[in-house]
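Residue-level listing of the chains:
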Amino acid sequence: GWAEGDAAFGGWSYAGASPRKGEPAPFEADLSSTLFALGALRLAGVPADDVRIQRARAFVERCQNLPLEGEPSDPARDDGGFFLSPSVALQDK
């Protein structure tokens with residue numbers, strides 16, 4: 001139910017069941033879970049151009065400290081590093 005503009009779009013979480021947009025979730029999509037899921041998909045033979053992998057790539061890119069397209073760079077923040085989740089500010093310390 002997530003749209004491309006949603007922070008969690010394309011990401012995975014450690015939730016035991018698939019979360020539904022708008023419902024409380026015990027875990028939010030994060031970089032760690034998403035990388036494990038991507039690794040499993042690739043080991044299972046899913047090609048890199050698969051829609052699930054392309055959506056996950058968009059999520060991973062949202063987790064990287066880079067300026068948005070068309071936006072000026074902020075040297076204090078745009079260092080190319082990563083943070084855990086674009087939707088859970090409290091976990092990004």
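Bear in mind that the values here come from a model prediction, so they are computed numbers and not experimental data.

What follows deals with the nonpolar core. Counting eleven residues, the largest nonpolar core consists of Ala8, Ala29, Leu31, Leu38, Leu41, Val46, Ile53, Ala56, Phe59, Val60 and Cys63. Within the residue set of this core, elements represented by two or more residues are helix 1 (31–43) and helix 2 (51–62). Tallying contributions element by element places helix 2 first for this core, with four residues. Among residues more than four places away in sequence, those in contact with Leu38 are Trp12, Ile53, Ala56 and Val60.

In this section: a nonpolar patch on the surface. There is a patch of nonpolar side chains on the surface, built from Tyr14, Phe27 and Phe36 and spanning about 360 Å² of accessible area. Of note, Phe27 is situated in the segment before helix 1.

On to the side chain of Thr34, then. Assignment of secondary structure puts Thr34 in helix 1. One polar contact links the side chain of Thr34 to the main-chain amide nitrogen of Trp12, over a distance of 2.8 Å. Side-chain polar atoms of Thr34 contact the backbone oxygen of Asp30, separated by 2.8 Å. When neighbours within four sequence positions are excluded, Thr34 is seen to be in contact with Gly10, Gly11, Trp12, Ala56, Phe59 and Val60.

Attention now moves to helix 1. Relative to the 18 Å expected for 13 residues at 1.5 Å per residue, helix 1 spans 18 Å between its end C-alpha atoms, a close match to the ideal helical length. The inward-facing, buried residues of helix 1 contact helix 2. Among the residues of helix 1, the N-terminal cap falls to Asp30, whose side-chain oxygen and the backbone nitrogen of Ser32 are separated by 3.0 Å.

Reading the values: rules and limits
- Residues numbered from 1 in each chain as written.
- Predicted model: local features only at pLDDT ≥ 70, side-chain atom pairs only at ≥ 80, totals over all residues.
- Heavy atoms only, no water.
- Core = buried A, V, L, I, M, F, W, Y, C linked by side-chain atoms within 4.5 Å.
- Buried < 20%, exposed > 50% of the residue type's maximum accessible area, 1.4 Å probe, protein only.
- Helix = DSSP H or I, 4+ residues; strand = E, 2+ residues; numbered from the N terminus.
- Contact = heavy atoms within 4.5 Å.
- Patch = residues over 30% accessible without salt bridge, like charges linked within 9 Å, V, L, I, M, F, W, Y side chains within 5 Å.
- Areas by Shrake-Rupley, 256 points an atom, 1.4 Å probe, with all protein chains shown as cover.
- Salt bridge = Lys/Arg side-chain N within 4 Å of Asp/Glu carboxyl O.
- Polar contact = N/O pair within 3.5 Å; in protein donor to acceptor, adjacent residues only side chain to side chain.
- Expected span 1.5 Å × (residues − 1).

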